[in-house]
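Structural characterization, general
Residues per chain are reported as follows:
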Amino acid sequence: MNITTLNGILPILILTGVGLLVLLVEAFIERDRERRFAFILSLAGIIATLVSLFSQLVHHDADLLLFGGALIVDHTGLAFSIIICLGALLVLILSHRHVTRIHRNAGEFYSLILFATLGMHALTISNDMMTFFVSLEVMSVAVYILAGVNRKSLKSNESALKYLILGAFSTAFLLLGIAFVYGATGQMGFMEIKEALLSEANAPFQSVGILGLILIMVGFIFKIGAFPFQQWVPDVYEGAPSIVTAFMATCVKTAAFAILLRGLFTFFQADESGFLMSALTVITVLTMIFGNFMALIQSNIKRLIAYSGIAHTGYILLAILAALSDPAKPDITPILFYLLVYTLMTVGAFAVLIGASRGGEEVETFEDIRGLGYKHKLLGLFMAFFFFSLAGIPSTAGFMGKFFIFKAAISKELYALAVIGILTAVVSVYYYLKIVVYLYLKEENRRYEKYSIQWNYLLASFLTFLLVLFLGIFPQFGFKLLK
Amino acid sequence: MIHFIDNIENYIYLIPLLPLIGFVINGLIGKNLPRGIVYFIGCISIFASFVLSALALWKVIDTGNALEIAYGSWFHSGGLNVSIGLKVDQLSAVMINIVSGVGFLIHFYSIGYMKGDEGIYKFFAYLNLFCFAMLVLVMGDNLLLLFLGWEGVGLCSYLLIGFWYKNKDYADAGKKAFIVNRIGDFGFLIGIFLIFQYFGTLNIAGIQEFLVKHPGEVKLLIEGGVITIITLLLFVGATGKSAQIPLYVWLPDAMAGPTPVSALIHAATMVTAGVYMIGRLHFLFSLSEVTMLIILIVGAVTALYSGTIAITQKDIKKVLAYSTISQLGYMFMAMSVGAFSVGIFHLMTHAFFKALLFLSAGSVIIACHHEQDMTKMGGLSKRLPVTHIAMFIGMLALSGTVPYISGFLSKDLILEKVFLFEGGLGVLSGLPVGKIFWGVGLITALFTAFYSFRLMGMTFWAKTRMKDEDYHHVKEPSKAMSTVLILLAVLSIVGGWVGIPEILGGNNPFHSFLSKVFDPTSAHGEVHHGNTPYILMGVSTSLGIILAIIAAFMYGKNWSFPERFTQKGIGKLLHRLSYNKYYIDELYEVLFVKTIMKGSRLLWKWVDAFIIDGLVNGTGRLAQLIAKLGQNVQTGNVNTYALSIVLGVMALLTWFMIATYNN
């Protein structure tokens, strides 16, 4: 193992090491101090990972193949991992102190976050079916547990169980797909599979291979929560503790998109019938429509965010379609930029929602946030801003994200898709604004007692607020960050 | 100082920046500042901006050249390179002076109007933010900057309509305005994308240059209908912002906001953004006859339609709101016949007299303790002499019944230009299109005269319907407010004198000033059409005066005749239709809001309940198998979810097989 290899897997080593260390801390340190120690340790771990990812990105000049091509450290993978780690960092900041409300052992919670992040990073840089599958499971298993981390809550338990059963179910299809692909090509590496599928000698097996790819795609679509495999999303998001929901909605989704993108870029050229593309087009349209219209009729805010998350998945799929229609020089910056922005504003919105929850009760209905803007001015302002950004109102990063996606779609002549996207975005304004209206809705003759909130919620929401505002005005900075 | 004035082009960024600074100060620390300081910051920032705008205008007049300042690249992504720059040409110079000038007067008026409101710092912060966005809109040298301003003013409008958040109705009005505008913006945004797609730039001067440099390509684009599609999409945006059919519904509801807001945003400035945008891109709009004809039809129908609604409204602000919609229709008519400078001229005079009317209405409302129902007023001329005179002048301007007053000049020019319009496509070809729409415009003018003086009669002249003690408590508003009314009244009279046409003994410097933007090639001067303009003017003015007098008589005493007329028969029916705005709001509610909600619920039921549950019941074995998987889970949903995954996979695979076998 030389120094280049070591450098390439450094993020993995850090995350594994710190994750184990945090888990061990519990055994040796008394409870009160353990919480803070575990928190600081995990924070340091994630920051170190971020730094190492950044340094790799900055010094990146050629794709690095590791372990006989099992891992590929390339620009795309690193950029995705940075977004994921940024999300994980924010979730960690949020969970300080909050975590003891939902789970007895802080260390367990933090280490699960770290292990999940490890799986995600490995996923973004995996380059063969084996690594990809193992990383996916490392991530998934950790997240299954996280969804049920609040053992006292029936809803949390139910959410975890549902996620586990349905996740396992979709994984079965994925495995079947991998088997088909292996059967058709005899290869496990992504590149080798692609070559085999394209080679003349293998022509008779081509459709079996494509069949396998379709089944694999089912697994991906499940993870990103796109139509028609989205049913679990609202149930699981609603039931899981908000902090875990924030993690799932951002980091898990980004990781799933990373591998979906790698898979599509590698394989869709091997599919000469163009089936993958047309299937993806249909899925994109239905996801945008379904997510937005379902969000319209929700009365529970977490469910609303879940459905709107499905809608955002649709927009990102649209960006992927636009990138795929120019295979020679695919431009993935709109995808990365949107994911970055989406992660920031979603975590930000959850930061406010969690911060606003009083006495362990989670914010659920519109009534729970009525007049929040008067109880805590800053929190209300941030929340309104995040929802404006999610709705894509200019001067927020959410607008820029949508702008680049729709522009890419139109310049690739995907007119119908762009029009559907923009129209459904108009629909989304309705339900996002509804939240903002409730934030500032007064009840007659009622005085609102102002309250203070913990520093970490303020810090997380303030950081995201600044970034969303900044990226909304200077999007170029976001491009530089990811390039 | 001299250096500063001479090099004003280097400082034009201050024009939008100063109100932004005002917003930041009042928004961040305004709560802890004494009221006086809040007022001062709010007003001085926009006043300074006005001074700079005036200097910029002077410089543009002096040199005849646009002031430009470029700040280099903003961002670039996939071939799209957006630079950021401000430009004050003749058109923008007029606009920034309207925005900052009228804006300042309304800021100043608000000190009196919003007295005692605890959120005053927020109010001024929002007003300043609005001015910033509006100035960016009119100064931006590319479409993206224009669009940002466009959205920014919409956001401020939303914030200010719902400013009091007294109840859900107010908040809903703001929401409605915002969402209806988003529908318009959807068209606008696609139009912008297409412009980039075909012209490769979003810079306004760049687009114009492209049209000049590539005549061959442009010809293809015109013949292929691309230009028509682009301009129609842009016009969809304009119908949203400028409250034209079918997207006008938000403006009357927007009257829920404080009256100064109605004056500034919903009368003088923001709602004219659509007209400005067409003026800004006139070179593009002129290329599509179809679009121009559609604009003419929409403008004319809107003008007449909202005029017929305004004559029955009881709420004083609603009358003015429908009147605004109607007047905007006039502006679009002017733009659509290619009389761009006339449209902008009406935009300017309308800004003066409509701001005056709203602010006068504001002082009536304050004097009557926030009563807006005109049937509960009357006789106020004795109690509110200054407001009375101010509003009277405003109404004279609006109805255009007195020669040489601002509204008369601009409205009459529009009617003349429409009359002389010779065009018409499709079913309209061969018809005297100009004369038909002139007729529509004329009838609208008669409605305008009628409702103007109906309002005057009901509010000021008729016998009062207020309680004695209330009536005696009515008193003129503060000095600051009266001063603003007087200033705006003067502007409403003389504001149009820069555009006196030759037939009335002027030389229309306004037109020749703007011709640098709109018509740089043709020599200055108008074509003479013999006596026609005089006849047109005579017809519209004399009929207008007659209608005004009728209205004044009908409503000037006790309006018993109109009450009797509307109590039975055809009168009742017509009154009902007009008073209830032809039930369009209700229709929209059923057509769109309810349908979408119902559709969503149906979709949910259909996907979740019907398809999946139905199949669960139907395909017994498979369902049982999967039910086993999830039998330990209480909700029983998991099995249906799992089944839906199977169904999704099966659908995909079936599709794949069909696709493969077809190959």
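Since the model is a prediction, treat every value here as computed from it, not as a measurement.

Some words on the overall build of chain A
When helices and strands are counted, chain A shows 22 helices and two strands. On C-alpha atoms alone, chain A measures out to a radius of gyration of 22 Å, which is about the 23 Å that the 2.2 N^0.38 rule sets for 483 residues. Reported as C-alpha extents along the three principal axes, the dimensions of chain A are approximately 80 × 55 × 40 Å. Looking at chain A as a whole, 67% of its 483 residues qualify as buried. Partitioning the contacts of chain A with sequence separation of at least 6, the portion at a separation of at least 24 is 80%. Accessible area of chain A: about 16000 Å², with a carbon and sulfur share of 65%. The distance from the centre of the 32 positive side-chain charges to the centre of the 29 negative ones in chain A is 12 Å.

Some points on the overall build of chain B
A count of helices and strands for chain B gives 30 helices and two strands. Against the 2.2 N^0.38 benchmark of 26 Å for 663 residues, chain B shows a C-alpha radius of gyration of 28 Å, consistent with a compact globule. C-alpha atoms of chain B, sized along the principal axes, occupy 90 × 65 × 65 Å. For chain B, the proportion of its 663 residues judged to be buried stands at 59%. Partitioning the contacts of chain B with sequence separation of at least 6, the portion at a separation of at least 24 is 79%.

Regarding the packing of aromatic side chains
All names here are of chain B. One pass over the full model with this rule turns up 53 aromatic pairs over all chains. Aromatic pair Y158 and F178: ring centres 5.2 Å apart, planes at 45 degrees, arrangement tilted. With Y158 in helix 6 (residues 143–161) and F178 in helix 7 (residues 168–199), the pair connects residues that are 20 residues apart, well separated along the chain. Of the residues examined, Y158 reaches a relative accessible area of 3% and is grouped as buried.

Focus: the side chain of S428 of chain A
Residue and element names in this part refer to chain A. Among the secondary structure elements, S428 is positioned in helix 20 (residues 415–439). A distance of 2.6 Å separates the side chain of S428 from the backbone oxygen of A425, its partner in a polar contact. Apart from the residues lying within four places of it in its own chain, the contact partners of S428 are N292 and A391.

Observations regarding the interface of chain B and chain A
The partner chain A presents 67 residues to the 60 residues of chain B that form the contact. Roughly 6100 Å² is buried in total at the junction of chain B and chain A, and carbon and sulfur atoms are behind 78% of that figure. Three residues stand out in chain B for area buried against chain A, namely F193, I645 and F656 of chain B, and they jointly supply 11% of the buried area on that side. Between chain B and chain A we count zero salt bridges in total.

Description of a nonpolar patch on the surface
Among the surface-exposed residues, Y13, L17, I21, V24, I25, L28, I29 and Y71 of chain B lie close enough to one another that they form a single nonpolar patch of about 670 Å² accessible area. Broken down by element, the residue count for the nonpolar patch peaks at six residues, all from helix 2 (residues 14–29) of chain B.

Some details on the packing of helix 5 (residues 120–139) of chain B against helix 12 (residues 259–268) of chain B
All names here are of chain B. In contact at an axis separation of 12 Å, helix 5 and helix 12 are set at 5 degrees when each is read in the N-to-C sense. In terms of axis orientation, helix 5 runs roughly parallel to helix 12. In this structure, helix 5 uses F123, L127, F130 and C131 to contact helix 12, whose residues at the interface are P260, V261, L264 and I265. A per-class count over the contact of helix 5 with helix 12 returns eight nonpolar, no polar and no charged.

Details of the environment of N26 of chain B
Residues and elements named next belong to chain B. On the secondary structure map, N26 appears in helix 2. The spacing of N26 and F392 is 366 residues in sequence and 36 Å in space, taken between C-alpha atoms. Once residues within four sequence positions are removed from consideration, N26 is found in contact with K31, L33, V38, I41, G42, Y121, F124 and A125. One polar contact links the side chain of N26 to the main-chain carbonyl oxygen of V38, over a distance of 3.4 Å.

With respect to the environment of V436 of chain A
Counting through the fold element by element, V436 of chain A comes out in helix 20. The class for V436 of chain A is buried, based on a relative accessible area of 4%. Sequence spacing of V436 of chain A and M383 of chain A is 53 residues, and the spatial spacing of their C-alpha atoms is 7.8 Å. Among all residues touching V436 of chain A, those that are not within four sequence positions of it are A384, F387 and F388 of chain A together with Y158 of chain B.

Notes on unusual backbone geometry
Only a minority of non-glycine residues have a phi that is not negative, and only a minority of peptide bonds are not trans. The amide bond that connects F227 of chain A to the next residue, P228 of chain A, takes the cis arrangement and shows omega of 0 degrees. Along the chain, the position of P228 of chain A falls in the loop between helix 10 (206–224) and helix 11 (232–239). In the segment running from I245 of chain B into P246 of chain B, the intervening peptide bond is cis, with an omega of 5 degrees. Phi is positive for A243 of chain B, close to 50 degrees, though the residue is something other than glycine. If you trace the backbone, A243 of chain B turns up in the loop between helix 10 (226–241) and helix 11 (250–253).

What to know about the state of the cysteines
All names here are of chain A. For the structure shown, the criterion picks out zero disulfides over all chains. Between C251, a free cysteine, and C85, which holds the nearest cysteine sulfur, the sulfur-to-sulfur gap is 8.1 Å. Judged by its relative accessible area of 0%, C251 is buried.

Here we look at the pattern of salt bridges
Going through the model one piece at a time under the given rule, you end up with 14 salt bridges over all chains. Across the pair D253 of chain B and K176 of chain B runs a salt bridge, and its minimum N-O distance is 3.0 Å. Here the residue D253 of chain B occupies a position in helix 11, and K176 of chain B occupies one in helix 7, the gap between them amounting to 77 residues. Judged by relative accessible area, which is 25%, K176 of chain B ranks as partly exposed. Across the pair K213 of chain B and E209 of chain B runs a salt bridge, and its minimum N-O distance is 3.2 Å. Residue K213 of chain B and its partner E209 of chain B are both found in helix 8 (residues 204–213); the two are separated by four residues, about one turn of the helix. Members of the salt-bridge network, linked through shared partners, are K155, E158, K162, D235, E238 and R303 of chain A.

Description of the packing of helix 21 (residues 455–473) of chain A against helix 22 (residues 475–482) of chain A
Residue and element names in this part refer to chain A. At a minimum axis distance of 4 Å, the contact between helix 21 and helix 22 shows a crossing angle of 105 degrees. It follows from the interaxial angle that helix 21 and helix 22 lie roughly perpendicular. Residues F470, L471, G472 and I473 of helix 21 lie in contact with helix 22, whose contacting residues are P475, F477 and G478. Partitioning the contact of helix 21 with helix 22 into residue classes produces five nonpolar, two polar and no charged.

Re the environment of M129 of chain A
All names here are of chain A. Topologically, M129 is positioned in helix 7 (residues 129–147). Distance from M129 to F39, taken between C-alpha atoms, is 34 Å for residues 90 residues apart in sequence. Contacts of M129, omitting those with residues within four sequence positions, involve I178, V181, M188, F190, I193, I216 and F267.

Some points on the confidence of the model for chain B
All names here are of chain B. Across chain B, pLDDT averages 84, with 93% of residues at or above 70. Put simply, helix 29 (residues 620–629) is where chain B has its lowest mean pLDDT, 48, and helix 13 (residues 273–280) is where it has its highest, 94. Every residue in residues 619–623 scores below 50 in pLDDT, and together they form two contacts with partners more than four places removed in sequence or on other chains. Ignoring residues within four places in sequence, the model shows residues 629–636, a span with pLDDT below 50, making eight contacts including any to other chains. Our summary of model confidence lists the complex with pTM equal to 0.84 and ipTM equal to 0.79.

Definitions and limits used
- Residues numbered from 1 in each chain as written.
- Chains lettered and ligands numbered in written order.
- Predicted model: local features only at pLDDT ≥ 70, side-chain atom pairs only at ≥ 80, totals over all residues.
- Heavy atoms only, no water.
- Helix = DSSP H or I, 4+ residues; strand = E, 2+ residues; numbered from the N terminus.
- Rg over C-alpha atoms; globule rule 2.2 N^0.38 Å.
- Buried < 20%, exposed > 50% of the residue type's maximum accessible area, 1.4 Å probe, protein only.
- Contact = heavy atoms within 4.5 Å.
- Areas by Shrake-Rupley, 256 points an atom, 1.4 Å probe, with all protein chains shown as cover.
- Lys, Arg positive; Asp, Glu negative; His and termini not counted.
- Charge placed at Lys NZ, Arg CZ, Asp CG, Glu CD.
- Phe/Tyr/Trp six-rings, centres within 6.5 Å; stacked < 30°, edge-to-face > 60°.
- Polar contact = N/O pair within 3.5 Å; in protein donor to acceptor, adjacent residues only side chain to side chain.
- Buried area = accessible area lost by both parts, 1.4 Å probe.
- Salt bridge = Lys/Arg side-chain N within 4 Å of Asp/Glu carboxyl O.
- Patch = residues over 30% accessible without salt bridge, like charges linked within 9 Å, V, L, I, M, F, W, Y side chains within 5 Å.
- Axes fitted to C-alpha atoms, helices over the stretch in contact; angles between N-to-C directions.
- Parallel < 35°, antiparallel > 145°, perpendicular 65-115°, else oblique.
- Nonpolar A, V, L, I, M, F, W, Y, C, P; charged D, E, K, R; others polar.
- Disulfide = S-S within 2.5 Å.
- pLDDT = per-residue confidence, 0-100.

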